[in-house]
Every structure is written in C-alpha cells, then in structure tokens.
Amino acid sequence: MEDLLYKYSTRKTVLVLILITNIVYVIMMAFTIPRVAGFAVGMKLLDLMPAGYDFEYVQRLFTALGEEGRSAYLRLQLPIDMIYPLLFAVCYCLLLVWLLKIINKQHTRLFYASYLPLFAGSADYLENIGIITLLRQYPQFTSESVQITSRFSVVKSSITTVYFIVVLMVLLAMVWYWFRKGK
C-alpha cells in the first residue's frame, strides 16, 4: 500500500484530485444541500452536524422535510455524497504523502496520518448508508439506528478535523523547512 501511495502522490495527481474533489464538494454545498435544506425550514441536514444528533431531531427534520424533501435528500444529495467520500479519501491521503515527500518525512511515523482520510471516507460511507436507511424506514426508524448513524457522523468529523490539523502542522513545517533552507 505504501508503495502505491508513494507512486501516485505526485504534484500533478494531487492537484487534479484536489480540483475534482472540490468541484464535487462545491456542487454539494452550493446546489444539492441548499436544495434539500430548503425543505427543512432552517434545520441542518444530518451530514452537516459534526457533533451528531438524536432521535427527536431526526424525527423533526424528516417531518419538516416532508415527502418531497426526503425524496430530494435520498435521490439528489445522497447519490453525489456517495461519490465524495472516495474522492476525499484518495485525494487527501495522497496530498499528505506528497507534502511529506517534499519535506523528506515520508518514511516517518507521520506517514500513517495519511491513512486518516481513508478512515474518514469510510465513516462518511457508513453515515450515508445510515441516513439512507433512516429515510427509507421513516417514520418507523429506531433510536438505535439514529444513534449508530450519529456516531458515524461524529467519527467522520473528528477524524477529518485531526487530519486537517496534521496537514496544517506539515504545512508549517514546510514553511520552516524553506525558511531555514533559504538561510
């Protein structure tokens, strides 16, 4: 696995993936999420709740969405959100490996942080599967299924946050590296 990551973590590959990943992200944030959220009367969609949610909130949200909003969530937002986790996982995994190669730290323990986006992407898929299940079971879903889905939302956001903190630290190390190299 490491050899594949080293091989494909090139500037060109990473930049193309960042572009594609962020185009999909912008489509979701600018079009599909606002479209679905428009049915929710000011309530946040489950995908956008990093601290999780409870049974009562999901019940209120799905009621507020109505039949048309739940259908838009299921048929408009979630299909594109089934593409995004893979793009996120591959893109940001390769990004960190590439950055580590630049500062010659790819063979350190820090390399293992490049797996964080893979775990976040997996949690995102499990969150999406949970949301699909809740939408299909509405109004008969259980508090256990909401709890499980909510946990995946929290895990996804927690891992993503840790990953971006690591990337920020690596970027600061790069600046330091270039600053010292210039002296």
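Calculation rules
Residues numbered from 1 in each chain as written. Predicted model: local features only at pLDDT ≥ 70, side-chain atom pairs only at ≥ 80, totals over all residues. Heavy atoms only, no water. Axes fitted to C-alpha atoms, helices over the stretch in contact; angles between N-to-C directions. Helix = DSSP H or I, 4+ residues; strand = E, 2+ residues; numbered from the N terminus. Parallel < 35°, antiparallel > 145°, perpendicular 65-115°, else oblique. Contact = heavy atoms within 4.5 Å. Nonpolar A, V, L, I, M, F, W, Y, C, P; charged D, E, K, R; others polar. Phe/Tyr/Trp six-rings, centres within 6.5 Å; stacked < 30°, edge-to-face > 60°. Buried < 20%, exposed > 50% of the residue type's maximum accessible area, 1.4 Å probe, protein only. Patch = residues over 30% accessible without salt bridge, like charges linked within 9 Å, V, L, I, M, F, W, Y side chains within 5 Å. Areas by Shrake-Rupley, 256 points an atom, 1.4 Å probe, with all protein chains shown as cover. Salt bridge = Lys/Arg side-chain N within 4 Å of Asp/Glu carboxyl O. Expected span 1.5 Å × (residues − 1). Bend = angle between axes of the 7 residues up to and from the residue.

Novice: Explain the packing of helix H2 (residues 11-37) against helix H3 (residues 55-80) here, please?
Specialist: For any two helices packed against each other, one specifies the inter-axial angle together with the distance between the axes. One can describe the packing of H2 onto H3 by two numbers: an axis separation of 9 Å at closest approach and a directional angle of 170 degrees. Considering their axes alone, H2 and H3 lie roughly antiparallel with respect to each other. Packed against H2, whose contacting residues are Val24, Ile27, Met28, Thr32, Ile33, Arg35 and Val36, the element H3 presents Leu65, Gly69, Ala72, Tyr73, Leu76, Gln77 and Ile80 at the interface. Looking at side-chain class alone, the contact of H2 with H3 contains ten nonpolar, three polar and one charged residues.

Novice: Help me understand the packing of aromatic side chains in this model?
Specialist: In this description, an aromatic ring pair is defined by two values, namely the gap between the centres and the angle between the planes. One pass over the structure, following the stated rule, counts 16 aromatic pairs. When the ring of Tyr84 is compared with that of Phe88, the centres are 6.0 Å apart and the planes differ by 45 degrees; the resulting orientation is tilted. Highlighted residues: Tyr84 and Phe88, both in helix H4 (residues 84-102), separated by four residues, approximately one helical turn. Considered together, Tyr84 and Phe88 belong to a single accessibility category, that of buried residues. A connected cluster of aromatic rings, assembled from ring pairs, spans Tyr25, Tyr84, Phe88, Tyr92, Tyr163 and Phe164.

Novice: It is not clear to me how a nonpolar patch on the surface should be interpreted in this structure. Could you clarify?
Specialist: On the surface, Leu19, Ile23, Ile27 and Phe31 cluster together to form a nonpolar patch covering roughly 390 Å² of accessible area. With respect to the helices, strands and loops of the structure, Ile27 is situated in helix H2.

Novice: Help me understand H3, please; the structure alone is not making it clear to me.
Specialist: Along an α-helix, residues three or four positions apart point the same way, because every turn accommodates 3.6 residues. The terminal C-alpha atoms of H3 lie 25 Å apart, and with 26 residues this falls more than 12% below the ideal 38 Å at 1.5 Å per residue. Along H3, the helix axis deviates most sharply at Gly66, where the bend reaches about 110 degrees.

Shape descriptors only; they carry no functional weight alone.
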